[in-house]
Amino acid sequence: MEPDVSIETSSMIRIAVFPIGPVPPVLLRDYYSMLLRHQTIPLSTISSFYTEHQKSPFTNQPWETGSLRFKFMLGGAPPSPWEDFQSNRKILAVIGICHCPSLPDLESVVDQFTATCKSYSSALVQRCFAFFPGDSHLQNGEKKGDNIILFPPADRQTQEFHLQTMMQDIAASLLMEFEKWVLQAESAGTILKTPLDSQASLSSEEVMKAKKRRLARAQKTIGDYCLLAGSPVDANAHYSTALDLARLTADHFWFAGALEGSVCALLIDHIGQRDAVLEEEVRQRYNNVILNGHYRKSSMQDNTQRVSPLSFELEAILKLARFLCRRELAKEVADLLTRAADGAKSLIDASDRLIIYVEIARLYGTLGYQRKAAFFSRQVALLYMQQENQLAATSAMQVLSMTTKAYRVQTRASILRQSQSSETGPGHADSGKFHHHSVVSLFESQWSTLQMVVLREILLSAVRAGDPLAAWSAAARLLRSYYPLITPAGQNGLASALANSAERLPFGTRCADPALPFVRLHSFPLHSSHMDIVKRNPAREDWWTGSAPSGPFIYTPFSKGEPNDNSKQELIWIVGEPVQLLVELANPCAFDLRVDSIYLSVHSGNFDAFPISVDLPPNSSQVITLSGIPTSAGPVIIPGCIVHCFGVITEHVFRDVENLLLGAAQGLVLSDPFRSCGSPRLRNISVPNISVVPPLPLLVSHVVGGDGSIILYEGEIRDVWINLSNAGTVPVEQAYISLSGKNQDSVMSVAYDTLKSALPLKPGAEVTIPVTLKAWHLGLVDPDAGGGKSASSSMGRNLKDGSSPSLLIHYAGPLTISGDLETDESAVPPGRRLVLPLQISVLQGLSFVKARLLSMEIPAHIGENLPKPASGVGTAINEDVSCGSKIDKLMKIDPYRGSWGLRLLELELFNPTNVVFEISVSVLLENSSNEDNFSVDQVAPEYAYPKTRIDRDYSARVLIPLEHFKLPVLDGSFFSKDLQSDGSAGAKNSIISEKNTKAELNASIKNLISRIKVRWQSGQNSSGELNIKDATQAALQTSVMDILLPDPLTFGFRLARSGCEKTAKPDLPKESTTQVHHSSPKSSVVAHDMTPMEVLVRNNTKEKIKMSLNITCRDVAGENCLEGDKATVLWAGVLSGITMEVPPLQEIKHCFSLYFLIPGEYTMVAAALIDDANDVLRARARTESPDEPIICRGPPFHVRVVGTA
């Protein structure tokens, strides 16, 4: 059998092409390609070379439309024993190709060409084409002979024209030789034999039978030459005669051959035409050959050579299948090919079976049945493998490589080629059922075993063929794709095969197919706070506004509401600054894996990657960091990693592993290599769009004298020095400092001017900035719940990260890049943001246990005037004259209460820390009025009290004297929660009044708190201020009714000077703060003398009050001195049941006289029973029922009675 047969093969003239002398392979292929352009020579072009010596036997030669067909066979072909049966099998011409510059002269060419032509006795024409002859070759031109054709040096077009002329001459010579042969065969006859004819002595009957068959065979052979001569009509006539004669002599073999020849003549006669009638005629004639089994009938029982004609029947099946091969007749063609495959099993010659399988695979591939084509290709490869030689193994490897597409185990290089070709034009439907780009398509569970077999066959054939790279590729694909189905011993065997193949390869060999390990993108490490990049708006001074950075990413990868999945995040890298990304390696096999080097694969050429080596134990995974440095501005493309493992360099693409993991999730892939190694499932991370910008400045910060952690107690104030240095290659020309995060008020001051004065900060320069911090307040803590050193330290640790403020430093370099004359906004280099967390750890300091407000009263003495504060009383507390005025400011007399009042804020503190605290209290005294005697330099004096020491794990009470103050008016708005208005007429006014009164109260409280400072010190370097705002405000709020708000009625006693005038004062009396000296004995009362007195009753509300006033005088024992048998004081006037009506915010006097019988100390007390009390008075008195009487009792006033001389 012969490969690549078709019905038209019978009309092709075989020409053997040989290189004569040394011809370079490149030139030989070039010369051969020139010959292939002349496979068809029209008969109309050879008329000038054709000479008709006698009448041509080709009476119906189509000179205008006919042509001669050549089939060039480079290297020739051995003689076939079936040349008499099929004349087209003969080598009818020999062409030699000679490259003259490689030969000294033409004599050797002539001798070698003559010797080559002797091997082909059937050759009718011999020509040797000598290209590019030199002068020496031309001088010996007379010795070259007629068959040597010289092609002088010329351009390509001239040589092709010369070659075309020579091929036309060869065609004309062959046509004339065909005429001679036919004329000779018709006149003298010829003997035609095949291997089927018996070689033994023939009997007389067989001799007669052979003579009759000779005529039929001669006619069939003449028809063959008519076909070769391009005359299908003459050929058909001779084939018809041969059919009739062969049928009569029962020569079935030659009958089938003549029938095939007639089909070829029919097609050549209708060349270029294809219709249903012609197709049906061809199908009918070939079915006559195939179905009737004419070739099988010709088998002789005494055929000692055991030559089977079955190959010709199979060849006829293949010719018909090739003729009908198109998708519309796929079923019919598949039936023919199935019949041919079944018949191939009966063939004796293995080479014939190989050719059958090759042709079947080709035809299935033409139909688009890739898997059937791959099956028969594997049969071809198995036949090659049985020969056990290197060339056969190479052929087997090449055939198997063609099946990898159908079995989906192709190399990555072929996948890339197929993807590129699919972009230019569509393929068959069957071949387009899977995506070549997706690694998932390479894995199908139902094909796993077959795919493993195919890869093992490729590996075996590559080893036998001595191709280490192909063997390494096959072993890599087998191990990477099917490791779950391979035993540990098999995995070790494949690892050895990889190592052995690598030993035979040059160092640094690259392969498109990766082996192990599996590599996937893990994550991009977050850059430190020094690396944040901010887009820059040169039109604004605050150029960073509106472009909040999110680490190194311009757009956050976690943003919601993206328009589509195609939008990728953008990443900016800086030239010259190292970058990193994390990849995860997995070794799911049972052997130790050594990765000699792995580094990032960058196709853009502007990135230097740093390789590292990794050792992976069996069934393990490891996350590694790969780094590199961008070298120039522009985009960076990182598709994967370059891995040097098993002695070969391969590229591992991240996308392939993503598809693999996707297939594992969908059940298409055998196993997830990372999950099998114990690695957790990760979200798929794609490589962002990376761009590199020119160099930028880089500020690096650190806290001077520490590791950056700042430990403070509550309220502690400390200065921290922060050092900033420019680690980049570009100066810092702009820098701005701002705050962010919680507790920003803890940063009291930042020396921004220091940073501004250091600009521009050149590369390598540094500047130190002082920052003043004040620790914030953690809150009141119950000592029973958390008191102790461990509780306070743990609280400080917990608040360290979330509560500390941060310094934000936005800085940038020059607006223009060096060398650029014009810079638009898009080309402005970005700026940077330095996030400097202050890392303040606030430890609990002194804790508040409780706070309360204490009140102390000292009765006043009755004099001629209303009581006024005097320094003489203040000296009773502190004898220091220089400080007397300051102390007196803290103790004042209420002129309507008649007593010295002292307010003390008591704070109970607990020290849960392991250090000792010293507490100091200072009070900022209230500014003096114009009536005071203080100078301008003494404005807002501060008085400091002695320090209090609190040991660790101990409590202490600190008394803080407060200035005396009260609100002048008792208003109903203070009791708005308890009082409900019956009407809505004055609702709006009452709301406004309520707000104003409460605001006045809060302002008074805040004013008092702001003037008290409680400071602490621990050791020499730790000091701070205690926050007592909340404790003081809580204590004052709980005592506001009793201490801060005035009484509804206040009473005052004084000695009457010259009679008593019962007139009400229209003006509101003010508390006098004027200092006066002690009055002399004028304030004393003399016994046995009528002493006129008066009592002043003041109404502190906004409503008129009706009351009944009573006055009582008691002695030192508390007994009533005005009533009873033992009364010691006589009086004149009314002292009980005095009915009075006091207008709002005014006062009324009532006069009386007393006569003291016995000298001594007496106390005057005034009390009033209020008639028809309103809701405000009842709320102030905290009455439980509306019928309960309300009595206002004034404080005691002392009267000193002296005796007479």
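Conventions and cut-offs
- Residues numbered from 1 in each chain as written.
- Predicted model: local features only at pLDDT ≥ 70, side-chain atom pairs only at ≥ 80, totals over all residues.
- Heavy atoms only, no water.
- Buried < 20%, exposed > 50% of the residue type's maximum accessible area, 1.4 Å probe, protein only.
- Helix = DSSP H or I, 4+ residues; strand = E, 2+ residues; numbered from the N terminus.
- Pairing = 2+ DSSP bridges.
- Axes fitted to C-alpha atoms, helices over the stretch in contact; angles between N-to-C directions.
- pLDDT = per-residue confidence, 0-100.
- Contact = heavy atoms within 4.5 Å.
- Expected span 1.5 Å × (residues − 1).
- Arc of directions from axis to C-beta.
- Parallel < 35°, antiparallel > 145°, perpendicular 65-115°, else oblique.
- Left-handed = near helix turned anticlockwise from the far one by under 90°.
- Nonpolar A, V, L, I, M, F, W, Y, C, P; charged D, E, K, R; others polar.

(A) Main features of the pairing of strand β17 (residues 640-645). Across the six residues that make up β17, a large majority, six, are buried. By the bridge criterion, six bridges tie strand β12 (residues 593-601) to β17 in an arrangement that is antiparallel. Within the sheet, the bridge partner assigned to Ser597 lies in β17 and is His644. Summarising the sheet, β17 and strand β18 (residues 648-653) pair through six bridges and their orientation is antiparallel. In the sheet register, Cys641 faces β18, and the bridge partner there is His652. Counted between consecutive antiparallel strands, the loop separating β17 from β18 contains two residues, among which Phe646 sits at a positive phi close to 55°.

(B) Representation of the sheet that holds strand β16 (residues 634-636) in the model. Pairing in this open sheet of three strands is mixed, and the strands run β10-β19-β16 from one edge to the other. Here the strands that pair on one side only, and so sit at the sheet edges, are β10 (570-574) and β16. Neighbouring strand axes in the sheet, compared pairwise and without regard to direction, differ in orientation by 35° on average. When β16 meets strand β19 (residues 689-693), the two strands line up antiparallel, connected through three bridges. Each residue of the ladder has a partner; that of Pro635, found in β19, is Ser691.

(C) Seen up close, the confidence of the model for the chain. Per-residue confidence for the chain gives a mean pLDDT of 79; residues scoring 70 or more make up 79%. Per-residue pLDDT stays below 50 along residues 928-939; that stretch engages in six contacts with residues further than four places along the chain or on separate chains.

(D) Summary view of the environment of Arg214. Take Arg214: it is sitting in helix α5 (residues 204-228). In the structure, Arg214 is positioned 37 residues away from Asp251 in sequence and 10.0 Å away in space, judged by C-alpha atoms.

(E) Expanded view of helix α1 (residues 25-36). The end-to-end C-alpha separation of α1 is 16 Å, in line with the 16 Å expected for 12 residues at 1.5 Å each. Residues Leu28, Tyr31, Tyr32, Met34 and Leu35 constitute the buried set of α1. Summarising the axial view, the buried residues of α1 lie within an arc of 150°, below the 170-degree limit, and thus occupy one face. Seen from the open side of α1, the exposed residues pointing more than 90 degrees away from its buried face are Val26 and Arg29.

(F) Quick peek at the sheet that holds strand β20 (residues 699-703). One open sheet holds the four strands; their spatial order is β20-β22-β25-β24, and the pairing between them is antiparallel. Two strands bound the open sheet, and with one partner strand each, they are β20 and β24 (747-750). The mean angle between the axes of side-by-side strands here comes to 25°, regardless of whether they run parallel or antiparallel. One ladder, built from five bridges, connects β20 with strand β22 (residues 717-726); its direction is antiparallel. Bridging across to β22, Ser701 finds its partner in Leu724.

(G) How the structure looks around helix α16 (residues 448-465). The end-to-end C-alpha separation of α16 is 26 Å, in line with the 26 Å expected for 18 residues at 1.5 Å each. Listed as buried for α16 are Ser448, Gln451, Met452, Val454, Leu455, Glu457, Ile458, Leu459, Ser461, Ala462 and Ala465. On its buried side, α16 packs onto α13 (370-385), α14 (390-407), α17 (468-482) and α18 (488-503).

(H) Spatial organisation of unusual backbone geometry. The omega angle of the peptide bond from Leu516 to Pro517 is 0°, so this bond is cis rather than trans. Secondary-structure assignment places Pro517 in the loop between β7 (510-511) and β8 (518-523). With omega at -5°, the peptide bond leading from Leu759 into Pro760 counts as cis. Following the sequence through the fold, Pro760 ends up in the loop between α21 (752-758) and β25 (766-774). Positioned with a positive phi, Ala250 is a non-glycine residue whose angle comes to about 60°. Assignment of secondary structure puts Ala250 in the loop between α6 (232-249) and α7 (252-269). One non-glycine residue with positive phi stands out, namely Gln839, at about 55°. The residue Gln839 is located in the loop between β27 (831-837) and β28 (840-843) in this model. For Gln839, a relative accessible area of 32% gives the class partly exposed.

(I) The packing of α17 against α18, seen in detail. Interhelical geometry of α17 versus α18 gives an angle of 155° and a closest axis separation of 9 Å. Between α17 and α18, the interaxial angle falls into the category roughly antiparallel. Here the hand of the crossing between α17 and α18 comes out left-handed. Where α17 abuts α18, its residues Pro468, Ala471, Trp472, Ala475, Ala476, Leu478 and Leu479 lie against Gln491, Leu494, Leu498, Ser501 and Ala502. The residue inventory of the contact of α17 with α18, partitioned by class, reads 10 nonpolar, two polar and no charged.

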